Amino acid sequence: PNPFNPVTNITYYVGEMSTINVAIYDINGKVVEQLINQHQVLGQYGLTWNAGDNPTGLYFVKLIAGSYQETQKIMLIK
């Protein structure tokens, strides 16, 4: 869900074996939390981010898989 309070699920699909990096950034571009940085095989995956210790605000989820990158905005509302 978006906005969320304080836990959100992040799902993604890996189309080919590669190193997957998923990180959460704050509005200033600072890494708030590194959720995963490891080699994964083909398949669908899910991560859970508990943002209970973070302030209300806009955050960015950035996924890097090989040469592919995607960033999505999420809003934490407490």
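Rules of the game
- Residues numbered from 1 in each chain as written.
- Predicted model: local features only at pLDDT ≥ 70, side-chain atom pairs only at ≥ 80, totals over all residues.
- Heavy atoms only, no water.
- Helix = DSSP H or I, 4+ residues; strand = E, 2+ residues; numbered from the N terminus.
- Rg over C-alpha atoms; globule rule 2.2 N^0.38 Å.
- Buried < 20%, exposed > 50% of the residue type's maximum accessible area, 1.4 Å probe, protein only.
- Contact = heavy atoms within 4.5 Å.
- Areas by Shrake-Rupley, 256 points an atom, 1.4 Å probe, with all protein chains shown as cover.
- Lys, Arg positive; Asp, Glu negative; His and termini not counted.
- Charge placed at Lys NZ, Arg CZ, Asp CG, Glu CD.
- Core = buried A, V, L, I, M, F, W, Y, C linked by side-chain atoms within 4.5 Å.
- Phe/Tyr/Trp six-rings, centres within 6.5 Å; stacked < 30°, edge-to-face > 60°.
- Pairing = 2+ DSSP bridges.
- Axes fitted to C-alpha atoms, helices over the stretch in contact; angles between N-to-C directions.

Points about the overall build of the chain
Piece 1. Within the chain, the regular secondary structure consists of zero helices and six strands.
Piece 2. Helices and strands appear in the chain in the N-to-C order β-β-β-β-β-β.
Piece 3. The C-alpha atoms of the chain give a radius of gyration of 13 Å, which matches the 12 Å a tight globule of 78 residues would have.
Piece 4. Counting only C-alpha atoms and orienting by the principal axes, one finds that the chain spans roughly 35 × 20 × 15 Å.
Piece 5. Burial statistics for the chain: of 78 residues in total, 35% are counted as buried.
Piece 6. Within the chain, contacts between residues separated by at least 24 positions form 57% of all contacts whose residues are at least 6 apart in sequence.
Piece 7. With the model as given, the accessible surface of the chain reaches about 5000 Å², and the carbon-plus-sulfur share is 51%.
Piece 8. Averaged over its 4 positive side-chain charges, the chain has a centre that lies 8 Å from the centre of its 5 negative ones.

Things to note about the nonpolar core
Nonpolar side chains in soluble globular proteins tend to end up buried together.
Piece 1. Counting residues in each nonpolar core, the largest one holds 18 residues, and the members touching the most others are Tyr12, Ile20, Val22 and Trp49.
Piece 2. Contributions of two or more residues to this core are made by β1 (7-14), β2 (18-25), β3 (31-40), β4 (43-50), β5 (57-65) and β6 (68-76).
Piece 3. Broken down by element, this core gets its largest block of residues, four residues, from β5.
Piece 4. Apart from residues no more than four positions distant in its own chain, Val22 is found in contact with Tyr12, Gln34, Leu35, Ile36, Leu47, Val61, Lys62 and Leu63.

Observations regarding the packing of aromatic side chains
Piece 1. Applying the stated rule across the entire model yields three aromatic pairs.
Piece 2. Taking 5.7 Å as the distance between ring centres and 55 degrees as the angle between the ring planes, the aromatic pair formed by Phe4 and Trp49 counts as tilted. Separated by 45 residues along the polypeptide, Phe4 in the segment before β1 and Trp49 in strand β4 bring together distant segments of the chain.
Piece 3. Given a relative accessible area of 3%, Phe4 falls into the buried group.
Piece 4. Taken together, a centroid distance of 5.7 Å and an interplanar angle of 20 degrees make the contact between Tyr12 and Tyr45 stacked. You can see Tyr12 sitting in strand β1 and its partner Tyr45 sitting in strand β4, a full 33 residues away along the chain.
Piece 5. Judged by relative accessible area, which is 24%, Tyr45 ranks as partly exposed.
Piece 6. Within the aromatic cluster, the residues linked to one another by ring pairs are Phe4, Trp49 and Tyr59.

Brief notes about the sheet that holds β6
Two orientations exist for strands paired in a sheet by backbone hydrogen bonds: parallel and antiparallel.
Piece 1. The four strands lie next to each other as β3-β2-β5-β6, forming an open sheet whose pairing is antiparallel. With partners counted over all chains shown, the strands left at the sheet margins are β3 and β6, one partner each. Put simply, the sheet's adjacent strands are angled 15 degrees from each other on average, direction ignored.
Piece 2. Here β5 pairs with β6 via nine bridges, running antiparallel. Each bridged residue has a counterpart across the sheet, and for Leu63 the counterpart in β6 is Glu70.

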